[in-house]
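# Summary of the model geometry
If you want the building blocks of each chain, they are given just below.
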Amino acid sequence: ETNIRLNNPTRVGYNFLGWTYLDVTEPSLQVDLLPGLTGNINFTANWAIKKSNVSIEINNDEYGFIDTNGFDNTAVPYGSKISIDENTITINGTTITATPSSSDGQYLYSFVKWQINGEDYNNQTITDDTTITAVFERETNKFNINFAVKNCDELGNEIEETCGSVDLNILE
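Report follows, based on the coordinates.

Rules of the game
- Residues numbered from 1 in each chain as written.
- Predicted model: local features only at pLDDT ≥ 70, side-chain atom pairs only at ≥ 80, totals over all residues.
- Heavy atoms only, no water.
- Pairing = 2+ DSSP bridges.
- Helix = DSSP H or I, 4+ residues; strand = E, 2+ residues; numbered from the N terminus.
- Core = buried A, V, L, I, M, F, W, Y, C linked by side-chain atoms within 4.5 Å.
- Buried < 20%, exposed > 50% of the residue type's maximum accessible area, 1.4 Å probe, protein only.
- Contact = heavy atoms within 4.5 Å.
- Salt bridge = Lys/Arg side-chain N within 4 Å of Asp/Glu carboxyl O.
- Phe/Tyr/Trp six-rings, centres within 6.5 Å; stacked < 30°, edge-to-face > 60°.

### Some points on the pairing of strand β2 (residues 14-21)
In terms of strand pairing, β2 meets strand β5 (residues 43-49) through seven bridges, oriented antiparallel. Bridge pairing links Tyr14 to Ile49 in β5. By the bridge criterion, two bridges tie β2 to strand β3 (residues 24-28) in an arrangement that is antiparallel. Note that in β3 the partner of Trp19 across the bridge is Ser28. Two successive antiparallel strands, β2 and β3, enclose a turn made up of two residues, where Leu22 displays a positive phi of approximately 40°.

### A look at the nonpolar core
Val54, Ile89, Ile91, Trp114 and Ile132 are the most contacted members of the largest nonpolar core, which totals 19 residues. At the level of elements, β7 (54-58), β11 (88-91), β12 (94-100), β13 (107-116) and β15 (130-140) are the ones that each hand at least two residues to this core. For this core, the leading source of residues is β13, giving five residues. With residues near it in sequence (within four places) discarded, Ile89 still touches Ile82, Ser83, Ile84, Thr94, Thr95, Ile96, Trp114, Ile116 and Ile132.

### Focus on the pairing of strand β10 (residues 82-85)
Here four bridges tie β10 to β11, and the two strands are oriented antiparallel to one another. What sits directly across from Ile84, in β11, is Ile89. Counting the residues between successive antiparallel strands, the hairpin from β10 to β11 contains two residues, one of them, Glu86, with a positive phi of roughly 55°.

### A few points about unusual backbone geometry
The backbone phi angle of Leu22 is positive, close to 40°, even though this residue is not glycine. Summarising the element assignment, Leu22 is placed in the loop between β2 and β3. The class of Leu22 is exposed, set by a relative accessible area of 64%. You will see that Asn123, though not glycine, has its phi angle at about 55°, which is positive. Here Asn123 falls in the exposed class, since its relative accessible area comes to 60%.

### Regarding the pattern of salt bridges
Counted according to the given criterion, the structure contains two salt bridges. As a salt-bridge pair, Asp32 and Arg5 come within 2.8 Å of each other at their nearest N and O atoms. Here Arg5 lies in strand β1 (residues 4-5) and Asp32 lies in strand β4 (residues 32-33), a separation of 27 residues in the sequence. Residue Asp120 is joined to Lys113 by a salt bridge in which the shortest nitrogen-to-oxygen separation is 3.0 Å. Overall, the relative accessible area of 44% leaves Asp120 in the partly exposed class.

### What to know about the packing of aromatic side chains
Applying the stated criterion across every chain yields a total of eight aromatic pairs. Consider the rings of Phe16 and Trp47, whose centres lie 5.3 Å apart with planes at 65°: the pair is edge-to-face. Taken together, the residues span a long stretch of sequence, with Phe16 in strand β2 and Trp47 in strand β5 at a distance of 31 residues. Judged by its relative accessible area of 24%, Trp47 falls in the partly exposed class.

Now the structure itself:
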């Protein structure tokens, strides 16, 4: 007669820790039933929810920054929901804020969107290691100058007025 080994089950989103039974209170991954064993024995499968690493990144750190609020990126439980409200993203109860850099005379900075693993946000949940990116953009500051030119004769009398405008970009 040969021993019968219990198969270890699988469950989406969980790691199997092992079996407990009879006086065995510490989960065991390898359980062999000896030949001739009789009677009812209750086996309990023990599970731990899978944890994922979640990286929070910025597409360009000159364009903005993020406040992670102490977010623990190494222990995000399987199935954690991601919720977004404009420039904030909440994961497992922690809210992370994306803030664009202050505009200077040359550039305007703005937050555009969040991306999850390179894709636009679409009600995803955490099921594996994940990269979340705050996407910012930089736009050259533009100015519009309006002008009026008056042409006068030699006595100072206005004979013609020319008006117009010009867009001006500040270059590096």
